[in-house]
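Structural characterization, general
Residues per chain, in single letters:
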Amino acid sequence: MIQTRRHLSLLLALLVLLCVNLTLCSLIRIRNVVRASKNAAAVASARKTKVFLSEEETNQLRKLLEDMKETLLDARGVGLAAPQVGVLRRIVVVECEEGNVIELINPRIIARAGKQEEAEGCLSVPGRWGITDRPRHVTVRAMDRYGNEFEVSGSDLLARAFCHEIDHLDGHLYTELVTEYLDPSDFAEDDDDYEGDEE
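So, here is what we can say about the structure in this document.

The rules behind the values
Sequence order as written defines the numbering, with residues in each chain counted from 1. Confidence filtering applies because this is a predicted model: local features only for residues at pLDDT of at least 70, side-chain atom pairs given and counted only at 80 or more, and all residues used for totals across whole chains, interfaces and linings. With hydrogens and water set aside, each side-chain value is computed from the structure's full complement of heavy atoms. Counted as salt bridges are all cases of a side-chain nitrogen of Lys or Arg within 4 Å of a carboxyl oxygen of Asp or Glu. Secondary structure elements follow DSSP: runs of H or I of four or more residues count as helices, runs of E of two or more count as strands, with numbering from the N terminus. The rule is simple: take the accessible area with a 1.4 Å probe, protein chains only, and divide by the maximum for that residue type; under 20% is buried, over 50% is exposed, in between is partly exposed. By this definition, two strands are paired if DSSP reports at least two bridges between them. Only the stretch in contact is used when a helix axis is fitted, and all axes are lines through C-alpha atoms; the angle between N-to-C directions ranges over 0 to 180 degrees. Here a polar contact means two N or O atoms within 3.5 Å. Within protein one must be a hydrogen donor candidate and the other an acceptor candidate, and residues neighboring in sequence count only if both atoms are side-chain atoms. Here, residues are in contact when the closest pair of their heavy atoms is within 4.5 Å. A helix is expected to reach a length of 1.5 Å times the quantity of its residues less one.

Bringing the pattern of salt bridges into the picture now. A complete count under the given rule lists 12 salt bridges for this structure. Between R145 and E66 there is a salt bridge; the shortest N-O distance is 2.7 Å. Of this pair, R145 sits in the loop between β6 (137-143) and β7 (149-155) while E66 sits in helix α2 (residues 55-75), and the two are 79 residues apart along the sequence. Residue class for R145 comes out buried when judged on its relative accessible area of 12%. Judged by relative accessible area, which is 25%, E66 ranks as partly exposed.

If you want it as structure tokens, here you go:
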């Protein structure tokens, strides 16, 4: 009798764990990245759609941020803006260093310095890369998922990613800044040196 109760307790615990796991898996999903048509100037603009953190918006925001992080990871990109997944909100996630995801809500660039001309690509414009002219250093002011304002600075790839993703929020694509397009055959999709440059 005691052993049967232990088995039932163990079975019940496993069932609860399975239910929790299934619930978490159903809450986080990979979203489709919106592709720009060949003639489109931009994916969409979130210029006037700032995020205001009411209780309802906070819950939706956290879900969206988790979905965006999973989508970014799945796409093997560096950054993702909410309009790229069909959500017209001023929200960006950037991951230039593995495991260090920077979440930016209502971001704006408050300082720029230097110059860099580097290869750039975009998840919304697959298979195309070009040299762009961007600042080497930028500082961004934004809110975190809890509504706290903060500033973050970045150089090189991180600065490029901040500029690229914030451009998406204003309805602009990197293709507007390309000074020279690159041959796609120069880049292998599975090349670890390159995968971090597609934003």
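This next bit is on the sheet that holds strand β5 (residues 125-134). Strands sit in the order β4-β5-β8 across an open sheet of 3 strands; the sheet is antiparallel. At either end of the open sheet lies a strand with only one pairing partner, and these are β4 (116-122) and β8 (178-182). Going across the sheet, the axis of each strand differs from the next one's by a mean of 30 degrees, ignoring polarity. Of the strand pairs in this sheet, β5 and β8 are connected by 4 bridges, and their pairing is antiparallel. Looking at β8, one finds that I131 is bridged to E180.

Checked against the element boundaries, D67 lands in helix α2. Within the local environment of D67, its side chain forms a polar contact with the side chain of K63, the two groups lying 2.9 Å apart.

Before going further, it helps to spend a moment on the sheet that holds strand β3 (residues 100-113). One open sheet holds the 5 strands; their spatial order is β1-β2-β3-β6-β7, and the pairing between them is antiparallel. Each of the sheet's edge strands pairs with one partner strand only, and the pair in question is β1 (79-81) and β7. For this sheet, the mean inter-axis angle between neighbouring strands, taken without regard to orientation, is 40 degrees. With 5 bridges joining them, strand β2 (residues 91-97) and β3 adopt antiparallel strand pairing. Bridged to E97 within β3 is N100. Across the sheet, helix α3 (residues 157-169) lies against β1, β2, β3, β6 and β7, angled at about 160 degrees from β2, the strand it touches most.

Time to look at the environment of I109. Locating I109 in the fold gives a position in strand β3. Between the alpha carbons of I109 and V140 there is a distance of 4.4 Å; along the sequence they are 31 residues apart. What I109 contacts, discounting residues up to four positions off in sequence, is V138, T139, V140, C163 and I166.

The next point concerns unusual backbone geometry. Residues other than glycine seldom take positive phi values, yet N106 does so here, at roughly 55 degrees. With respect to the helices and strands, N106 occurs in strand β3. Take N106: its relative accessible area is 16%, and that puts it in the buried class.

Residues spaced three or four apart along an α-helix face the same direction, because each turn holds 3.6 residues. Helix length check: α3 (13 residues) gives 19 Å between terminal C-alpha atoms against 18 Å at 1.5 Å per residue, within 8%. Across the 13 residues of α3, 11 count as buried, placing the element largely inside the fold. Looking only at α3, the buried set comprises L158, A159, R160, A161, F162, C163, H164, E165, I166, H168 and L169. Phi for G171, located one or two positions after α3, is positive at around 80 degrees.

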